[in-house]
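Overview (structure and organization)
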Amino acid sequence: MPIDLPGTPLRKAIKASKLINGKLIEIIKQRKADLADGKASLTQDILSHMLMTCNEDGTYMKELDMATKIMGMLIGGYEAVDAVCTLIVKFLAKFPHIYDAVYKEQMEIANLKAPRELLNWDDIQKMKHLWNVAQEVMRLTPPIQGSFKEASTDFVFNGYTIPKGTGPTPYTYVPFGGGPMICPDKEYARLEILVFMHNLV
Ligand code: HEM
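Described below are features of the structure shown in this document. (Residues numbered from 1 in each chain as written. Predicted model: local features only at pLDDT ≥ 70, side-chain atom pairs only at ≥ 80, totals over all residues. Heavy atoms only, no water.)

**Concerning the coordination of the iron atom of the ligand**
- From the protein, the iron atom of the ligand takes a single donor atom, Cys183 (SG), 2.4 Å away.
- Here Cys183 lies in the loop between β2 (160–162) and α7 (186–200). (Donors = N, O, S within 2.8 Å, 3.2 Å for Na, K, Ca; no water. Helix = DSSP H or I, 4+ residues; strand = E, 2+ residues; numbered from the N terminus.)

Put into structure tokens, the structure is as follows:
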């Protein structure tokens, strides 16, 4: 329950987030100074992009908002991908014939590489079976649950009438959400899952 009392996990989380935001704001200030001095690149990472991009009204994002977004990306970037990889391992252990097919596909890719040669974009595109498995795992056990969406009014889309209250039926494949708030890093997540699972398998 979100009750802010001493000793509760919520109170500890609020304290921790203040500490982390303070550290992130130091990094943001340092980057601002480095950009002004030409010591950092304008395109080096998302922090530079956030500092250099203004809103439509010409204002820039506040430091605390940037820190909050960075925290969102850190949490999203670790926990959901970890959960998917863990669940893929669980399902591969349960269905050996699926593991065999994934292993065969990954070994075909690995066997065409020179020793210690890193994976490249074309290799990733070949991992079709592994990605099918990952998608099926995310359909059955979505790592982020509870971000339900349902139609708030009746509306017409592409000629179909969608009545108020319509929501996805259980086991619909929407692990990354949908619409304007869809996970912005879903392609990066795909890359992380495929590279990690390739090495593990
Ligand atoms: C398998 C991995 C992942 C899954 C299943 C996943 C899932 C989701 C879901 C369901 C949402 C909410 C979408 C909605 O409200 O409709 C979301 C939002 C978000 N995700 Fe992911 N995500 C994953 C990986 C990542 C990674 C790797 C990052 C960052 C590096 C990330 C960053 C974000 C951010 C910043 C948002 C908030 C977007 C917004 O509010 O506009 N996610 N993700």
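From this point, the discussion proceeds with the structure in view.
**Some words on the side chain of Ser48**
- With respect to the helices, strands and loops of the structure, Ser48 is situated in helix α2 (residues 46–52).
- Using a relative accessible area of 0% as the deciding quantity, one classes Ser48 as buried.
- Apart from the residues lying within four places of it in its own chain, the contact partners of Ser48 are Arg31, Leu35, Ser41, Leu42 and Thr43. (Buried < 20%, exposed > 50% of the residue type's maximum accessible area, 1.4 Å probe, protein only. Contact = heavy atoms within 4.5 Å.)

**Structural notes on the pattern of salt bridges**
- Summed over all chains, the structure comprises 12 salt bridges.
- Note that Glu63 is salt-bridged to Lys32, the shortest N-O span being 2.8 Å. You can see Glu63 sitting in helix α3 (residues 63–94) and its partner Lys32 sitting in helix α1 (residues 9–36), a full 31 residues away along the chain.
- With relative accessibility at 18%, the residue Glu63 sits in the buried group.
- Look at Lys32 and you get partly exposed, because its relative accessible area is 39%.
- Put simply, Lys113 and Glu117 hold a salt bridge, and the shortest N to O gap is 3.2 Å.
- Assessed through its relative accessible area of 15%, Lys113 is described here as buried. (Salt bridge = Lys/Arg side-chain N within 4 Å of Asp/Glu carboxyl O.)

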